[in-house]
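# Close look at the chain arrangement
Listed below are the residues making up each chain.
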Amino acid sequence: MTQATPTLKTQAGELADAGTAAKPTTDAGTAAKKVFVKTYGCQMNVYDSERMGDALSRDGYQPVDSVEAADLVLINTCHIREKAAEKVYSQLGRLAQLKKKRNSEGGDLMVAVAGCVAQAEGEEMVRRAPVVDVVIGPQTYHRLPGALAKACNGERVVETEFPTEDKFDRLPDATAGRIRTRGVTAFLTVQEGCDKFCTFCVVPYTRGAEVSRPVERIMSEAERLAAAGVREITLLGQNVNAWHGQGSDGREWGLGELVHRIAAIEGIDRIRYTTSHPRDMDDALINAHRDLPELMPYLHLPVQSGSDRILKAMNRRHTAAEYIRLVERIRAARPDIALSGDFIVGFPGETDEDFEDTMRLIREVSYAAAFSFKYSIRPGTPGAGMDGQVDEAVKSERLTRLQALINEQTRDFGRQCVGKIANLLLEKPGRNTDQIVGRSPWLQPVIVDAKTGKIGDIVRVRIKQTGSNGLFAEPVGTESANQGATSFDS
Ligand code: SAM
Ligand code: SF4
């Protein structure tokens, strides 16, 4: 691990996600090194930013909530969005101006870019944006402190190869204090990368091959989270349900077995996982939804399209009918499960009929929520070179119709929750001081009176009404429920 650098005029501290309150001095009263982190993209990027924060914290960085207050700006990028790289370059242009101003005043600013855009751009990024000191890919971010030290000696550092060492082995554990600042819910990456090569997707190229973290590492991280007061863990992976590993009994475990073991950890009352691929949804995991009250009744199960022709062109390796049969099996195991999905409209070759197949599938499945995107070309993926690229106006029209249908289903799902009794994990203060916000088993934010309990409590409530961004509820009885499970009286 490298030490503080001469150009950063500060000492001990810690890093957190953008928006975390600044602590500009150490206990000793000396000025601290300050870092501003901006995180884009999925929960896996949020988790990665936290882990980079743990590493930088050990090197004496403290988080600040503005670029202006920072000695180091770390941008953790996502490549899924359209024109992702261009957006990063335009931000870097603004940082270049700030750095110039600092330099003219005798100060400095360091800039590090992490994540999937960093991985995809590599050396090109330092050529195109000389303001960047460090470019670091998703598999090498454990090397960030060392890269920053080299950068302070004037080197431009690009770390984007896929290393042989496991980054998780090299990263420091989060301290209990840092875990507590992040709240009573936590992410835990159990699987990374992807071998599925859907023809639209850049992930296999930016995140690399599919790798599962070993059982003992996952269990010790989960135990540390529980000991620091975390009550709900969301297991993360690009293909989280493809996770597998050798269990403590010598057998090969899948995610179904793993969630049982995590549920047995004292203090962990709720478990979620995301994102799942339909082909990896095995019986053990489906049965865990039936048998394990700690496993929340919510499943993000992207299908992308309802047309077999398009699914084939996307290399999803399942049909629409197989997906629907899978949904039926999952609902047979856990009837109240809330399903969400991802959809892409306007994949090359998608006709009106193909799109109508997608709309039909959505009506048949009925989702509680979904993310939907216009297909956008990812350079280097097979989809980029396919014939039949769809006109932007057609994509927009299809997306509008699809989102209207999903929004209607989300509202219906919320309305069906009214009158139900559910356990709520209280997560954060509400916008009004007399309110507190919890999370339903089905992942909806639920507002209750602040007197209902304190953050970290799991309370039993009756859902009273729907609101524009969630639900409202009232406590049922006075006892706190000790499980994250759901029950119904209507
Ligand atoms: N592993 C997950 C799966 O198999 O469904 C998805 C992970 S991907 C990071 C998240 C979502 O981004 C995808 O489900 C897809 O809907 C969307 N996406 C990925 N590439 C895209 C592209 N080129 N154009 C539009 N949407 C895209
Ligand atoms: Fe991308 Fe998911 Fe397909 Fe993998 S399975 S290539 S992460 S969409």
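Structural notes, computed from the coordinates. If you're wondering where the values come from, they're calculated on a predicted model, not measured in any experiment. (Residues numbered from 1 in each chain as written. Chains lettered and ligands numbered in written order. Predicted model: local features only at pLDDT ≥ 70, side-chain atom pairs only at ≥ 80, totals over all residues. Heavy atoms only, no water.)

### Considering the overall build of the protein chain
- When helices and strands are counted, the protein chain shows 15 helices and 21 strands.
- What you see for the protein chain is a C-alpha radius of gyration of 23 Å, in line with the 23 Å of a compact globule of 490 residues.
- Principal-axis analysis of the C-alpha atoms places the extent of the protein chain at approximately 65 × 60 × 50 Å.
- The burial tally for the protein chain puts 55% of its 490 residues in the buried class.
- Long-range contacts, defined here as pairs at least 24 residues apart, represent 71% of the contacts in the protein chain between residues at least 6 apart.
- Approximately 20800 Å² of the protein chain is accessible, and the part contributed by carbon and sulfur atoms is 50%.
- The distance from the centre of the 63 positive side-chain charges to the centre of the 67 negative ones in the protein chain is 3 Å. (Helix = DSSP H or I, 4+ residues; strand = E, 2+ residues; numbered from the N terminus. Rg over C-alpha atoms; globule rule 2.2 N^0.38 Å. Buried < 20%, exposed > 50% of the residue type's maximum accessible area, 1.4 Å probe, protein only. Contact = heavy atoms within 4.5 Å. Areas by Shrake-Rupley, 256 points an atom, 1.4 Å probe, with all protein chains shown as cover. Lys, Arg positive; Asp, Glu negative; His and termini not counted. Charge placed at Lys NZ, Arg CZ, Asp CG, Glu CD.)

### Re the pairing of strand 1 (residues 33–39)
- Where burial is concerned, most of strand 1 is hidden: 5 out of the 7 residues are buried.
- Regarding topology, helix 1 (residues 43–58) serves as the crossover connection from strand 1 to the parallel strand 2 (residues 61–63), and that connection is right-handed.
- Note: strand 1 against strand 3 (residues 72–77), 5 bridges, orientation parallel. Among the inter-strand pairings, Phe 36 is bridged to a residue of strand 3, identified as Val 73. (Right-handed = clockwise from strand over helix to strand, strands pointing away. Pairing = 2+ DSSP bridges.)

### Looking at the side chain of Arg 398
- As for its position among the elements, Arg 398 is in helix 15 (residues 392–417).
- In contact with Arg 398, not counting residues within four places along its chain, are Val 345, Glu 350, Thr 351, Asp 352, Phe 355 and Val 390.

### Considerations on the environment of Phe 36
- Of note, Phe 36 is situated in strand 1.
- Each C-alpha atom of the pair Phe 36 and Ala 70 lies 5.6 Å from the other, and the pair is 34 residues apart in sequence.

### Quick word on the site of ligand 2
- The immediate surroundings of ligand 2 are formed by Cys 194, Lys 196, Phe 197, Cys 198, Phe 200, Cys 201, Val 203, Pro 204, Asn 239, His 277 and Arg 316.
- For the shell around ligand 2, the class distribution of residues is 7 nonpolar, 2 polar and 2 charged. (Near = heavy atom within 4 Å. Nonpolar A, V, L, I, M, F, W, Y, C, P; charged D, E, K, R; others polar.)

### Section: unusual backbone geometry
- Cis geometry marks the peptide bond from Thr 274 to Thr 275; its omega dihedral reads 5°.
- Tracing the chain through its elements places Thr 275 in the loop between strand 13 (270–274) and helix 11 (283–291).
- One non-glycine residue, Phe 197, lies in the positive phi region at around 55°.
- The phi angle at Arg 317 is positive, at roughly 65°, despite the residue not being glycine.
- Along the chain, Arg 317 turns up in the loop between helix 12 (308–313) and helix 13 (320–333).

### So, the site of ligand 1
- In the neighbourhood of ligand 1, 16 residues make up the surrounding shell, with Phe 200, Gln 238, Gln 304, Asp 342 and Ser 376 lying closest.
- Interatomic distance of 2.7 Å between a backbone N/O atom of Gln 238 and a nitrogen atom of ligand 1.
- A distance of 2.6 Å is found between an oxygen atom of ligand 1 and a side-chain nitrogen or oxygen belonging to Asp 342.
- Relative to its free-state accessible area of 560 Å², ligand 1 is covered by the protein chains to the extent of 90%.
- Elements represented by at least two residues in the shell around ligand 1 include exactly strand 15 (338–345) and strand 16 (369–374). (Polar contact = N/O pair within 3.5 Å; in protein donor to acceptor, adjacent residues only side chain to side chain.)

### Re the sheet that holds strand 14 (residues 298–300)
- Taken in spatial order, the 3 strands make up an open sheet running 14-15-16, and their pairing is parallel. Edge positions in the open sheet fall to strand 14 and strand 16, since each of these has one partner strand only. For this sheet, the mean angle separating the axes of adjacent strands, direction not counted, is 10°.
- Pairing of strand 15 with strand 16, which is carried by 6 bridges, proceeds in the parallel orientation. (Axes fitted to C-alpha atoms, helices over the stretch in contact; angles between N-to-C directions.)

### Some thoughts on the packing of helix 1 against helix 5 (residues 144–152)
- Relative orientation of the contacting elements helix 1 and helix 5 amounts to 55°, with a least axis distance of 9 Å. When the interaxial angle is binned, helix 1 and helix 5 end up oblique. Contacts between helix 1 and helix 5 pair Met 52, Ala 55 and Leu 56 from the former with Leu 144, Pro 145 and Leu 148 from the latter.
- By residue class, the composition of the contact of helix 1 with helix 5 is 6 nonpolar, no polar and no charged. (Parallel < 35°, antiparallel > 145°, perpendicular 65-115°, else oblique.)

### Things to note about helix 13
- Between its first and last C-alpha atoms helix 13 spans 20 Å; for 14 residues at 1.5 Å apiece the expected length is 20 Å, and the two agree.
- All of the buried residues along helix 13 are Ala 320, Tyr 323, Ile 324, Leu 326, Val 327, Ile 330 and Ala 333.
- At its buried positions, helix 13 is contacted by helix 11, strand 14, helix 12, strand 15 and helix 14 (352–365). (Expected span 1.5 Å × (residues − 1).)

### A closer look at the pattern of salt bridges
- Per the stated rule, a full pass over the model turns up 39 salt bridges.
- Between Arg 182 and Asp 54 there is a salt bridge, with its nearest N and O atoms 2.7 Å apart. On the criterion of sequence distance, the pair formed by Arg 182 in the loop between helix 7 (176–181) and strand 7 (185–189) and Asp 54 in helix 1 is long-range, its members being 128 residues apart.
- Since its relative accessible area comes to 27%, Arg 182 is described here as partly exposed.
- Accessibility expressed as a relative area gives 4% for Asp 54, which makes it buried.
- As a salt-bridge pair, Asp 412 and Arg 415 come within 2.7 Å of each other at their nearest N and O atoms. Here Asp 412 and its partner Arg 415 are both found in helix 15, 3 residues apart, which amounts to about one turn of the helix.
- Given the relative accessible area of 31%, Asp 412 is considered partly exposed. (Salt bridge = Lys/Arg side-chain N within 4 Å of Asp/Glu carboxyl O.)

### Re the nonpolar core
- The biggest cluster of nonpolar side chains holds 58 residues, and the ones touching the most others in it are Leu 235, Ile 262 and Tyr 367.
- For this core, the leading source of residues is helix 13, giving 7 residues. (Core = buried A, V, L, I, M, F, W, Y, C linked by side-chain atoms within 4.5 Å.)

### Things to note about the sheet that holds strand 7
- In spatial order, the strands read 7-10-13; together these 3 strands make up an open sheet with parallel pairing. Each edge of the open sheet carries a strand with a single partner, namely strand 7 and strand 13. Taking each pair of neighbouring strands and ignoring which way they run, the sheet shows an average axis angle of 25°.
- Note that strand 7 and strand 10 (residues 232–236) share 5 bridges and pair parallel. If you follow Ala 186 over to strand 10, its bridge partner there is Ile 233.
- Relative to the sheet, helix 10 (residues 255–263) contacts strand 10 and strand 13, its axis offset from that of strand 10 by approximately 155°.

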